[in-house]
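Listed here are the chains, written in short residue letters.
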Amino acid sequence: MKKNKYIIFLFLIAFALVFNSCEKLFFEKEIENNPVNNFEYLWNEINQKYAFLDYKRINWDSVYNVYRPLVNDDISDDSLFNVLAAMLNELRDGHVNLKSPFNISRYDRFYVGRSNADFDVIRINYLKDNYMITGYFKHNFIKDGQIGYILYSSFSNSLISDYELDYLINRYKDTKGLIIDIRQNGGGYVSNVFKLLSAFIEDNTKIYETQIKTGPGKDDFSVLEEVKIKPRNGSKYLKKVFVLTDRGSYSASSFFSVSTYATENIKLVGDTTGGGLGLPNGGQLPNGWTYRFSITRTIAVNGENYENGVPPDYTVILSETDRQNGIDNVIEFAAAKILE
Amino acid sequence: MKKLCSIILFCVVGLSLSSQEDIFTFPEKSSYIETSAGFSTGKIHDRLTTPLFYNLTAARINLSRTIQRPKGIYNYGIDYYGGMYNLSTNDDFFISSTQQFIFNFNYSRLLEELSSVSYRYYIGSSLQNHSIIWVNEAFGNAAFTFSNISNLNFDFKYKLLFIKASKEKKLLWLIKYKTKDRKYRMDFDLSIPVISGIYRPEFTNPGNATLNNSAIFNGYKMNIGLFTGLQTDFSLNEVLSNGNMFRYGYRWQVGVYSKQKPSTLNVSYHSLYFSLIFKSK
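Everything quoted here is computed from the prediction, not taken from an experiment.

Calculation notes
Residues numbered from 1 in each chain as written. Chains lettered and ligands numbered in written order. Predicted model: local features only at pLDDT ≥ 70, side-chain atom pairs only at ≥ 80, totals over all residues. Heavy atoms only, no water. Helix = DSSP H or I, 4+ residues; strand = E, 2+ residues; numbered from the N terminus. Rg over C-alpha atoms; globule rule 2.2 N^0.38 Å. Buried < 20%, exposed > 50% of the residue type's maximum accessible area, 1.4 Å probe, protein only. Contact = heavy atoms within 4.5 Å. Salt bridge = Lys/Arg side-chain N within 4 Å of Asp/Glu carboxyl O. Polar contact = N/O pair within 3.5 Å; in protein donor to acceptor, adjacent residues only side chain to side chain. Arc of directions from axis to C-beta. Phe/Tyr/Trp six-rings, centres within 6.5 Å; stacked < 30°, edge-to-face > 60°. Domains from an automatic or database assignment. Buried area = accessible area lost by both parts, 1.4 Å probe. Nonpolar A, V, L, I, M, F, W, Y, C, P; charged D, E, K, R; others polar. Pairing = 2+ DSSP bridges. Axes fitted to C-alpha atoms, helices over the stretch in contact; angles between N-to-C directions.

## What to know about the overall build of chain A
Next, step 1: Helix and strand counts for chain A come out as 10 helices and 14 strands.
Next, step 2: For chain A, the C-alpha radius of gyration of 26 Å lies well beyond 20 Å, the compact-globule estimate for 340 residues.
Next, step 3: Counting only C-alpha atoms and orienting by the principal axes, one finds that chain A spans roughly 95 × 55 × 40 Å.
Next, step 4: In chain A, buried positions account for 53% of the 340 residues.

## Re the side chain of B:Arg200
Next, step 1: Its place among the elements puts B:Arg200 in strand 9 (residues 182-201).
Next, step 2: Each residue touching B:Arg200, except ones within four places of it in the same chain, is listed here: B:Asp46, B:Leu48, B:Thr145, B:Phe146, B:Ser147, B:Gly219, B:Tyr220, B:Lys221, B:Ser263, B:Thr264 and B:Leu265.

## Overview of the pattern of salt bridges
Next, step 1: Under the criterion given, the structure shown has 30 salt bridges over all chains.
Next, step 2: A:Asp328 is the partner of A:Arg183 in a salt bridge, and the nearest nitrogen-oxygen pair spans 2.8 Å. Linking A:Arg183 in the loop between strand 6 (177-181) and helix 7 (190-197) with A:Asp328 in the loop between helix 9 (320-324) and helix 10 (329-339), this pair joins segments that are 145 residues apart in sequence. By the burial criterion, A:Arg183 is buried, and A:Asp328 matches it.
Next, step 3: Put simply, B:Glu34, B:Lys159, B:Arg185, B:Asp187 and B:Arg247 are held in one network by salt bridges that share partners.

## So, the side chain of A:Thr296
Residue and element names in this part refer to chain A.
Next, step 1: Tracing the backbone through its elements, the reader meets Thr 296 in strand 13 (residues 296-300).
Next, step 2: On the accessibility criterion, Thr 296 (2% relative accessible area) is buried.
Next, step 3: Of the polar contacts made by the side chain of Thr 296, one reaches the backbone nitrogen of Leu 279; its length is 2.7 Å.

## Quick look at helix 7 of chain A
Next, step 1: In terms of residue burial, helix 7 of chain A counts as a mostly covered element, since six of its eight residues are buried.
Next, step 2: Those residues of helix 7 of chain A not exposed but buried are A:Val190, A:Asn192, A:Val193, A:Phe194, A:Leu196 and A:Leu197.

## Notes on helix 6 (residues 162-171) of chain A
All names here are of chain A.
Next, step 1: Those residues of helix 6 not exposed but buried are Glu 164, Leu 165, Leu 168 and Ile 169. Taken end-on, helix 6 shows its buried residues confined to a sector of 120°, consistent with a single buried face.
Next, step 2: Residues of helix 6 that are buried make contact with strand 3 (132-134), strand 4 (137-142), strand 5 (147-152) and helix 7.

## Some remarks on the packing of aromatic side chains
Residue and element names in this part refer to chain A.
Next, step 1: Tallied over the entire structure, the rule returns 38 aromatic pairs over all chains.
Next, step 2: Ring geometry for Phe 137 and Tyr 152: centres 4.5 Å apart, planes at 20°, overall stacked. Placement of Phe 137 in strand 4 and of Tyr 152 in strand 5 is noted, with a sequence separation of 15 residues between them. Accessibility assignment for this pair places Phe 137 and Tyr 152 in one class, buried.

## Some details on the environment of A:Val36
Residues and elements named next belong to chain A.
Next, step 1: Here Val 36 lies in helix 2 (residues 35-49).
Next, step 2: With a relative accessible area of 17%, Val 36 lands in the buried category.
Next, step 3: With 129 residues separating them along the chain, Val 36 and Leu 165 place their C-alpha atoms 52 Å apart.
Next, step 4: Beyond its immediate sequence surroundings of up to four residues, Val 36 is in contact with Arg 68, Val 71, Asn 72 and Asp 73.

## Let's talk about the domain arrangement of chain A
Residue and element names in this part refer to chain A.
Next, step 1: Segmentation of chain A into domains returns domain 1 (5-109) and domain 2 (112-279 + 296-339).
Next, step 2: On the domain 2 side, the residues contacting the 15 residues of domain 1 number 23 residues.
Next, step 3: Carbon and sulfur atoms make up 51% of the area that domain 1 and domain 2 hide from each other, which totals about 1400 Å².
Next, step 4: Inspection of the domain 1/domain 2 interface yields zero salt bridges.
Next, step 5: Remark: the boundary between domain 1 and domain 2 carries seven residue pairs in polar contact (both at pLDDT 80 or more).
Next, step 6: Within the side of domain 1 that touches domain 2, the residues separate by chemical class into five nonpolar, four polar and six charged.

## Quick look at the sheet that holds strand 3 of chain A
Residue and element names in this part refer to chain A.
Next, step 1: Spatially, the seven strands line up as an open sheet ordered 3-4-5-6-9-10-14, and their pairing is mixed. For this open sheet the edge positions go to strand 3 and strand 14 (314-315), each flanked by a neighbour on one side alone.
Next, step 2: Direction of pairing for strand 3 relative to strand 4: antiparallel, over a ladder of three bridges. Looking at the pairing, Met 132 lines up with His 139 of strand 4.
Next, step 3: Contacts from helix 10 reach strand 4, strand 5, strand 6, strand 9 (240-245), strand 10 (266-270) and strand 14, with the element oriented near 165° to strand 9.

## With respect to the sheet that holds strand 8 (residues 225-229) of chain A
Residues and elements named next belong to chain A.
Next, step 1: Pairing within the open sheet is antiparallel, and its three strands lie in the order 8-7-13. A single partner strand is all that each edge strand has here, and the edge strands are strand 8 and strand 13. Strand-to-strand twist in this sheet, taken as the mean axis angle between neighbours without regard to direction, amounts to 35°.
Next, step 2: As judged from the five bridges shared by strand 7 (residues 205-212) and strand 8, these two strands associate in the antiparallel manner. In the strand pairing of strand 8, Glu 209 is matched with Glu 226.

Here it is, written out as structure tokens:
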């Protein structure tokens, strides 16, 4: 019996040891963490998975030839970060970032174009002192109560509630039209786009098509999938709606803007949006730094890809003279259109 | 691999030869309910989002039922792993959460020619479904990954009965007492996934931030894999007089899915567990 006991003991130990070491035989080898491997890894990921190399006419091989010689195994972390960040900024995409413990690279909005709004003018002369804040919407009546003006600064704060939408629609139900201002709105949750739009449509509406990168080739995308939204169950606003945009209207704001192409009653006024119609996908380098870049593309109902920006129905650039006189000529243009 | 096979063969054959053959026998018909809890470590390497291996620390709980019949054994149950995957790099530390569910149904047939009163061999097959949810906030929109792996396994089981005979002992070198005979059963299970259906993101991971409000699993695809890993379970069961059992076990599992593809997923688990097994019939 004693012999048995020891064999079981030995068996347990041998079993544990053998199998513990065995799993290494099954797994791929981990990529060695050195600056060159980190560069190669990131370059390859973009080369295979980034959705807009072709659309933006970026010669990624040329980018390799420019930046690869700057990386060697003796380079410091700071310098490696700077090289990788500069390489990523060649993509000219606000959805591209590299994140290390000491810095986050970004392609800022100011690279894309100037702001087409002066929020001091808006607050003093349009929202005025008695404006209301409902959720993340700041709003008030303008033009003697004939128009509702709603400033929506970000899609990312929280999910829009039914209560907020009901409140806004009921408050402005007797107006002739609404102005929704998403200038300098850098985006956020796409689900807020669906929610907000659902208040301005009467029927199920196809708002755009989307596809995902599915292979390393330039044209390796999934089939286009239609994206549809349903009108909300509660109150709806089906009169004229003007959405104000500028180059700072990015990502979810561009999704909102491009979706308005599918509606009759919503028009865009202002400047072309900043774009950002690709969904950023996250990942990690062999040294642990994380990154993101776009891996999907969006096609508008008119068949166009507006990754670089959604053009407005009416282009109106903020006039410096008007601004100095406390007038926002973009709002004025939209208001005039509503009151036509 | 040769080393591994030799050790398994040596141990199985060695134990068979040295086991006692006495009145302690396998029941012809019986049924058991097992509840177990344990601690697991392991690794995950999800090539879709990272070239790095994250380390698992998780609790494992299991609920299963075993029905023993003269010709074979049926077993079905569910495993749950809940815990975290973490990674430490030179200058950063990443913590992420995971929830995993494994459903299993097995039938194994007794190999009567090779078995005896005190040990038994079984071969059979099992259907297994393994769902892995991994949430790593560091990956932004790709934070959420769901992988579902369905396996058809080839199974081998070995069970050995033995008795630890009663013995006279002294408590504090003074008080004499006699221990009782203790009955044990040693189980060894080997499971090889012969064919696997792997459902997970194929090339990129759009995650839960969707541009399409009607699609749940954007970019997911089913791939078929052959011989995708290995699962083993080794346990020692102390059989009580009423037929209930205490089990002390070690379980090891490894899976390599969609090898050489951008969606390669490597997972491994080492679990130490303790079970209460209730004889229900």
